[in-house]
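One-letter residues, chain by chain:
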Amino acid sequence: MHDVVLSLQQVSVKRGQRCVLAGCNFDFKAGQFIAILGENGAGKSTLLQAIAGDLTYHGTMTYRGRELRQWSARELATERAVMEQQAYATAGLTVAELIALGRYARGEWHGESVAACKQAIAPWLETFKLTALAQRELTELSGGELQRTHMARCLAQLDDGNQSATAKLLLLDEPTAALDVYHQHLSLQQAQAFARNGHLVIAIMHDLNLASVYADQVLLLQHGEPCACGRPTDVLQPQRLHELYNQPMHVSQHPQLGVPMIFSEPHTNSRMTRR
């Protein structure tokens, strides 16, 4: 049985006087890829930012059995990595330097350790097809190239060079938004492989079909509250998705993988209304 890595009990988040996230009770286990789905404004990024420590939350959130608030930023630097929705591109910083920043907490930026840092990031440059871009400045990259660089940074940050005895946490906010089809699969395959190595991946996604292919569990949020959580086959049902997105949906089966494939259709009325 996989151990619980992250546990949420009655977690809620307020912005001013408005409650934007409420009633979150989940146990996320090692070895899982969790996809968070929902319409715009459903609370997906709010939940991820709370887990990332960027937002104040009410309730209890424990990481590896310890309240998340009790972890210091330094402790989490080698245990949790975050890829934000808006990937930053600092002027003057190269691709290799950004990925190497993920290794900073390991003390590999000084003296003889610099060689260890270069050795640690080389496989991630190669994995994400960035070796030829290693010395290119971030401001010269396309959106997809920048997104791949940040993904490589996150995995380099959590890479301890061997099979870790403790589960680490990778948080991704729309990790494939700027990627072409090939690199979408490349990035999600790497995230899935990371989870398979005994870690936990939580990703906000908008592509229902990619979520169905790669996620072990999908969590649906609606109006700041969870409305379903489970295996893609159980959760990604036409009526539920229609109600969630206010959009007609059809669900079929992938011809080789056997997972749900979702097809949307245009609205029959030219004037679309929301709930």
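The structure under discussion appears in the preceding block.
Residues numbered from 1 in each chain as written. Predicted model: local features only at pLDDT ≥ 70, side-chain atom pairs only at ≥ 80, totals over all residues. Heavy atoms only, no water.

Participant: Kindly report on the packing of aromatic side chains, identifying the contributing residues and their values.
Facilitator: Inspection of the entire model under this criterion finds 3 aromatic pairs. With centroids separated by 5.7 Å and ring planes inclined at 20°, the aromatic side chains of Phe26 and Phe28 adopt a geometry described as stacked. Using a relative accessible area of 10% as the deciding quantity, one classes Phe26 as buried. By relative accessible area, which is 2% here, Phe28 ends up buried. Residues Tyr63 and Trp71 carry aromatic rings whose centres are separated by 5.1 Å and whose planes lie at 50° to one another, so their mutual orientation is tilted. Judged by relative accessible area, which is 13%, Trp71 ranks as buried. Cation over ring: Arg66 sits above Trp71, and NZ or CZ is 4.6 Å from the ring centre. (Phe/Tyr/Trp six-rings, centres within 6.5 Å; stacked < 30°, edge-to-face > 60°. Buried < 20%, exposed > 50% of the residue type's maximum accessible area, 1.4 Å probe, protein only. Lys NZ or Arg CZ within 6 Å of the ring centre and 35° of its normal.)

Participant: Residues and numbers for the sheet that holds strand S5 (residues 66–67), please.
Facilitator: Reading across the sheet, the 4 strands line up as S2-S1-S4-S5 and stay open at both edges, with antiparallel pairing between neighbours. Either end of the sheet is taken by a strand with one partner, and the two such strands are strand S2 (18–29) and S5. (Pairing = 2+ DSSP bridges. Helix = DSSP H or I, 4+ residues; strand = E, 2+ residues; numbered from the N terminus.)

Participant: Can you lay out the pairing of strand S9 (residues 217–222) for me, pointing to particular residues and giving the numbers?
Facilitator: Strand direction decides the pairing type here: strand S3 (residues 32–37) and S9, joined by 4 bridges, are parallel. Each bridged residue has a counterpart across the sheet, and for Ile36 the counterpart in S9 is Leu219. In this sheet, strand S10 (residues 225–230) lies alongside S9 in antiparallel orientation, the contact comprising 5 bridges. Among the inter-strand pairings, Leu219 is bridged to a residue of S10, identified as Cys229. Between S9 and S10, which pair antiparallel and follow one another directly, the connecting turn spans 2 residues, one of which, His223, has a positive phi of 55°.

Participant: For the pattern of salt bridges, give the residues involved together with the corresponding values.
Facilitator: One pass over the structure, following the stated rule, counts 6 salt bridges. Arg64 is paired through a salt bridge with Glu79; the nearest N and O atoms lie 2.7 Å apart. Of this pair, Arg64 sits in the loop between strand S4 (58–63) and S5 while Glu79 sits in the loop between helix H2 (73–76) and strand S6 (80–83); the two residues are 15 residues apart in sequence, bridging distant segments of the chain. Owing to a relative accessible area of 12%, Glu79 belongs among the buried residues under this scheme. Here Asp234 and Arg231 are joined by a salt bridge, their closest N and O atoms 3.0 Å apart. Residue Asp234 is classed as partly exposed on the basis of its relative accessible area of 42%. Arg231 sits in the partly exposed class, given a relative accessible area of 47%. Each of Arg64, Glu79 and Lys168 takes part in one network of salt bridges that share partners. (Salt bridge = Lys/Arg side-chain N within 4 Å of Asp/Glu carboxyl O.)

Participant: How would you explain the sheet that holds S9 if you had to name every residue and give the values?
Facilitator: A sheet is described by the order of its strands in space; here 6 strands give the open sequence S6-S7-S8-S3-S9-S10, paired in mixed fashion. Of all strands in the sheet, those with a lone pairing partner are S6 and S10, marking the two edges. On average, each strand axis in the sheet is tilted by 15° relative to the strand beside it, whichever way the strands run. Helix H6 (residues 181–196) contacts S3, strand S7 (169–173) and strand S8 (200–204) of the sheet and is inclined by roughly 130° relative to S3. Contacting S3, S9 and S10, helix H9 (residues 238–245) runs over the sheet at an angle of about 40° to S9. (Axes fitted to C-alpha atoms, helices over the stretch in contact; angles between N-to-C directions. Contact = heavy atoms within 4.5 Å.)

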